[in-house]
Number of protein chains: 2
Amino acid sequence: MTQARRESGGRPRRPTMVDVAREAGVALRTVSRVVNQDPTVGPEYVTKVEAAIAALNYRPDDRARQLRTGVTGTIGAAVRRIAEVNPELAAIERTARDAGLTLFAASTDFDEKREHDILISMCRQRLDGIIVEPFGENHAYLQPELDAGVPLVAMDRPMSGISVDCVMSDNASGIGMAFHHLHRHGHRRIAYIGDSERVYSGRERAAAFRAALGAHGEPVEGLVHPGEITPERVAAALDTALHGPNPATALVTGNMDTTLAVLRHLGPQSASRLALVAFDEVPLADLLQPALTVIAQQTTEIGRTAVELLRARIVDPARPVQSVVVPVTLKVRGSGEVPV
Amino acid sequence: MTQARRESGGRPRRPTMVDVAREAGVALRTVSRVVNQDPTVGPEYVTKVEAAIAALNYRPDDRARQLRTGVTGTIGAAVRRIAEVNPELAAIERTARDAGLTLFAASTDFDEKREHDILISMCRQRLDGIIVEPFGENHAYLQPELDAGVPLVAMDRPMSGISVDCVMSDNASGIGMAFHHLHRHGHRRIAYIGDSERVYSGRERAAAFRAALGAHGEPVEGLVHPGEITPERVAAALDTALHGPNPATALVTGNMDTTLAVLRHLGPQSASRLALVAFDEVPLADLLQPALTVIAQQTTEIGRTAVELLRARIVDPARPVQSVVVPVTLKVRGSGEVPV
DNA sequence: GCTCCTCGGGATAACGTTATCGCGAGGATA
DNA sequence: TATCCTCGCGATAACGTTATCCCGAGGAGC
């Protein structure tokens, strides 16, 4: 009786509640009650229905249940890459699971159109809420969705054009800590290479670095290099900073990809002659020589907070929009303590 | 007109096709035709309906559509970790997208119960198909789902207890290539440390290594160390292999986590005195000193093939079960060419 | 012994979409 | 001018579930 019947040459049709009810000799509604563990069902009915369920290999259809109840028990996460190291996403999945929510994750893949498509698709699926690591520059197209009550939380960066809950790292403090750490180790010519100022975090970190230079009375020229993260651009910035008239003795990198580009360009031999503090953790940072001193984001806390903000928004769509800033920490491992 | 009406203090209700039809003064079915771009609709109706859609910010409900049509346009992927480096998953997402399919990915998290829950949940959601990187030891509980016509493909490892399509790397050849590469560089005492033989790939790779030793007339004792991947176990295996009466001069590691444990235990200084070929790519392998020589899996090809097998299974549920073995390649970078 | 209440189960109407069918208008043909 | 298509839209029934009623049986109270 395991073979499901096929309908006219197509795929086999799964048994429904109606089939189970017929098999058990009870009403449709009673099967629903048993499936949902309604305590008002008599034990002999429970037995009969469960036997029928087992005999038919009945499996409830979540789509129908969701359509009827209105909730999906699922939240969406639109992040830049799901299949890369992404501790925030891991924390989101864990927190969601603990809250009894299913997570639906998709990669925006550094593509504005793809981000748009994914978010709209999530809206059409009527997910209970959406967490997005924004990439695009204008999210005003989501305003109708917000008006319609779609719970939305931004992670890592705020969204532009709309007002939504947001959780992100304390970029300015992190850059300040990196600068201060190198300054305390005697460095005076400290350079910064980071992401383009077109990107929010790139903008914020470059600004913080300029402010740190100013606060310590250091000149700015030739030391701050935001821009696209290509090997060529990073190499050029590095050459300007290190081989100019007044060469830098220390470097702060603004994000992981910049850090990797710098390490690859420096090569093994010269990497140990430059003091380096990197913003953001790098996989295997402890296996490099010297091991990498980093400003680490509290990624788990960020992911957890994103889910909590979303859950609060789901419960109360009218609550005031909230922004959470999570502190960063300095992890001393060697590369940041290279003397002048 | 952007504010959606609320129903008795709850969440705002999104407009439906009925609302659009009323607003446009046409029949429900006509709205459906416009939304689905049915060419048999007169242009003046299209205009009216599209105006109503824009005015109400109507967004179709995919759940209802899926319930009605039977297909979801979504495939599921149950992998061990979504938020870690996982090129197979990246390839799956890309291939699925190119085929017009949405990907729903979830982490089994090295937990047999969690794997079970995820797979059953995917069945209840009536996804069009499922790709699984199996972890558990017995998947016979999926037989009813297979009988019901759920398309299922295994990736990286076969499934036990049921017969499903499968795509995986040529483990045996890879281990053979690693051994042969070291042998050709003059090494005669070559050790192997890898995953437990409880795991399919661990079993297959350890067996292949024993076979390689035998084929070259080398003794086996003290050289083959499968087991749990804990720092302590790997360290003990390493000590046995390197400091025994007849110490090994070269090492093959059976997977990424073992490789990392070995590198961490050896430390920077001694890593360059042991010839090492690692099975599976390691992130930043090129930045290590010496850079890591690896047996690389064709991860993109594996992910792509998994989706193709699944699509073929969806189209023809009755087609014979197929197993695809993808070759591996040797990537020479330095660590495998350390002389005796 | 009759009424009232409670308790457990059944019929039926949603949820929002698509598929099937039918029907009226208009043009082509005889 | 009558008939037959064809074309384009509308009414209505599903899809598989849950929620809202209602009803019948049984026990308690007078």
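Calculation notes
- Residues numbered from 1 in each chain as written.
- Chains lettered and ligands numbered in written order.
- Predicted model: local features only at pLDDT ≥ 70, side-chain atom pairs only at ≥ 80, totals over all residues.
- Heavy atoms only, no water.
- Pairing = 2+ DSSP bridges.
- Helix = DSSP H or I, 4+ residues; strand = E, 2+ residues; numbered from the N terminus.
- Axes fitted to C-alpha atoms, helices over the stretch in contact; angles between N-to-C directions.
- Contact = heavy atoms within 4.5 Å.
- Buried area = accessible area lost by both parts, 1.4 Å probe.
- Salt bridge = Lys/Arg side-chain N within 4 Å of Asp/Glu carboxyl O.
- Near = heavy atom within 4 Å.
- Polar contact = N/O pair within 3.5 Å; in protein donor to acceptor, adjacent residues only side chain to side chain.
- Nonpolar A, V, L, I, M, F, W, Y, C, P; charged D, E, K, R; others polar.
- Domains from an automatic or database assignment.
- Buried < 20%, exposed > 50% of the residue type's maximum accessible area, 1.4 Å probe, protein only.
- Parallel < 35°, antiparallel > 145°, perpendicular 65-115°, else oblique.
- Least-squares fit on C-alpha atoms with pLDDT ≥ 70 in both.
- Phe/Tyr/Trp six-rings, centres within 6.5 Å; stacked < 30°, edge-to-face > 60°.
- Lys NZ or Arg CZ within 6 Å of the ring centre and 35° of its normal.
- Left-handed = near helix turned anticlockwise from the far one by under 90°.
- Core = buried A, V, L, I, M, F, W, Y, C linked by side-chain atoms within 4.5 Å.
- pLDDT = per-residue confidence, 0-100.

Residues and elements named next belong to chain A. Read from one edge of the open sheet, six strands run E7-E6-E8-E9-E10-E12, paired in mixed fashion. For this open sheet the edge positions go to strand E7 (224-226) and strand E12 (328-331), each flanked by a neighbour on one side alone. Recorded for the sheet is a direction-independent mean angle of 15 degrees between the axes of neighbouring strands. In the sheet, strand E10 (residues 293-297) pairs with E12 via four bridges, with the strands oriented antiparallel. Bridge pairing links Val 294 to Lys 331 in E12. Together, strand E6 (190-194), E7 and strand E8 (250-253) form the strand contacts of helix H10 (residues 231-243), whose direction differs from that of E6 by roughly 170 degrees.

We now examine the interface of chain B and chain A. Residue-level contacts link 63 residues of chain B with 62 residues of chain A. Around 6,000 Å² of area is buried between chain B and chain A when both sides are counted, 51% of it from carbon and sulfur atoms. The largest per-residue losses of area from chain B upon contact with chain A belong to Arg63(B), Arg124(B) and Arg126(B), which jointly make up 13% of the total buried on that side. In this structure, the connection of chain B to chain A is made through 12 salt bridges. Note that Glu145(B) is salt-bridged to Arg59(A), the shortest N-O span being 2.4 Å.

The local shell around DNA strand C holds 24 residues, among which Thr30(A), Tyr45(A), Arg29(B), Tyr58(B) and Arg68(B) are the closest. Met17(B) has a polar backbone atom sitting 2.7 Å from a phosphate oxygen of DNA strand C. At 3.1 Å, a side-chain N or O of Arg65(B) approaches a phosphate oxygen of DNA strand C. Only helix H2 (28-35) and helix H4 (62-69) of chain A together with helix H2 (28-35) and helix H4 (62-69) of chain B provide two or more residues apiece to the surface near DNA strand C. A per-element tally of the surface near DNA strand C places H4(B) first, with four residues. Across the surface near DNA strand C, the residue classes tally to 10 nonpolar, seven polar and seven charged.

As far as domains go, chain A holds domain 1 (17-60), domain 2 (73-169 + 300-326) and domain 3 (171-298 + 329-337). One C-alpha centre belongs to domain 1 of chain A, the other to domain 3 of chain A; they are set 64 Å apart.

Now for the pattern of salt bridges. Summed over all chains, the structure comprises 37 salt bridges over all chains. Notably, a salt bridge pairs Arg210(A) with Glu197(A), separated by 3.0 Å at the nearest N-O pair. On the criterion of sequence distance, the pair formed by Arg210(A) in helix H9 (residues 200-215) and Glu197(A) in the loop between E6 and H9 is long-range, its members being 13 residues apart. A salt bridge links Arg311(A) to Glu308(A); the shortest N-O distance between them is 3.8 Å. One end of the pair, Arg311(A), and the other, Glu308(A), are both in helix H12 (residues 299-315), three residues apart, so they sit about a helical turn from each other. The exposure class assigned to Arg311(A) is partly exposed, which follows from its relative accessible area of 33%. With a relative accessible area of 30%, Glu308(A) lands in the partly exposed category. Three or more residues are tied together by salt bridges with common partners; here these are Arg14(A), Arg59(A) and Glu145(B).

Residue and element names in this part refer to chain A. Contact geometry of helix H1 (residues 17-24) with H2 gives a least axis separation of 8 Å together with a crossing angle of 105 degrees. Here H2 runs roughly perpendicular to H1, going by the angle between their axes. Along its contact with H1, which presents Met 17, Val 18, Val 20 and Ala 21, the element H2 presents Leu 28, Val 31, Ser 32 and Val 35. Considered class by class, the residues forming the contact of H1 with H2 number seven nonpolar, one polar and no charged.

Attention now moves to the relation of the copies chain B and chain A. Superposing chain B onto chain A takes a rotation of 180 degrees plus a shift of 0.0 Å along the axis, which leaves an RMSD of 0.0 Å. Taken together, these values place the two copies in the relation of a two-fold axis.

All names here are of chain A. One pass over the structure, following the stated rule, counts seven aromatic pairs over all chains. Following the ring pairs from residue to residue traces out a cluster consisting of Phe 179, Tyr 192 and Phe 209. Over the aromatic face of Tyr 45 sits the side chain of Lys 48, whose NZ or CZ is 5.0 Å from the ring centroid.

Quick look at the packing of helix H1 (residues 17-24) of chain B against helix H3 (residues 43-56) of chain B now. All names here are of chain B. H3 packs onto H1 with a crossing angle of 120 degrees between their chain directions and a minimal axis gap of 9 Å. The orientation of H1 relative to H3 falls into the category oblique. Crossing of H1 over H3 shows right-handed handedness. For the pair H1 and H3, contact is made by Asp 19, Val 20, Glu 23 and Ala 24 and by Lys 48, Val 49, Ala 52, Ile 53, Ala 55 and Leu 56, respectively. Its residues assigned to classes, the contact of H1 with H3 shows seven nonpolar, no polar and three charged.

So, on to the sheet that holds strand E8 (residues 250-253) of chain B. Residues and elements named next belong to chain B. Read across the open sheet, the six strands follow the order E7-E6-E8-E9-E10-E12; overall the sheet is mixed. Either end of the sheet is taken by a strand with one partner, and the two such strands are strand E7 (224-226) and strand E12 (328-331). Strand-to-strand, the axes of this sheet are offset by a mean angle of 15 degrees, without reference to chain direction. Helix H8 (residues 171-184) rests against strand E6 (190-194), E8, strand E9 (275-279), strand E10 (293-297) and E12 of the sheet, and its axis sits at about 170 degrees to E9.

Inspection of the secondary structure puts Asp62(A) in helix H4. You can call Asp62(A) buried: its relative accessible area is 12%. Discounting residues that sit within four places of it in the chain, Asp62(A) has contacts with Ser121(B), Arg124(B) and Gln125(B).

What follows deals with the nonpolar core. In this structure, Phe209(A), Leu292(A), Phe209(B) and Leu292(B) are the most contacted members of the largest nonpolar core, which totals 92 residues. Aside from chain neighbours lying at most four places away, what touches Phe209(B) is Ile175(B), Phe179(B), Ile190(B), Ala191(B), Tyr192(B), Val224(B) and Val252(B). In terms of nonpolar packing, the next biggest core, distinct from the first, is built from 42 residues, Ala96(A), Leu310(A), Leu310(B) and Val326(B) among them.

Let us look at the confidence of the model for chain A. Scored by pLDDT, chain A comes out at a mean of 91, with 95% of its residues at no less than 70. Scored below 50 in pLDDT, residues 1-10 of chain A makes 15 contacts in the model with residues more than four places away or belonging to other chains.

Turning to the protein's contact with DNA strand D, a few remarks are in order. With respect to spatial proximity, 24 residues lie near DNA strand D, and among them Met17(A), Tyr58(A), Arg68(A), Thr30(B) and Thr40(B) are the closest. Of everything in DNA strand D that lies within 4 Å of the protein, sugar and phosphate atoms constitute 61%. With respect to DNA strand D, the backbone of Met17(A) contributes an N or O atom lying 2.7 Å from a phosphate oxygen. A distance of 2.9 Å separates a base nitrogen of DNA strand D from a polar side-chain atom of Arg29(A). Broken down by secondary-structure element, the contributors of at least two residues to the surface near DNA strand D are H2 and H4 of chain A together with H2 and H4 of chain B. With four residues, H4(A) is the single largest residue contributor to the surface near DNA strand D. For the surface near DNA strand D, a count of residues per class yields 10 nonpolar, seven polar and seven charged.

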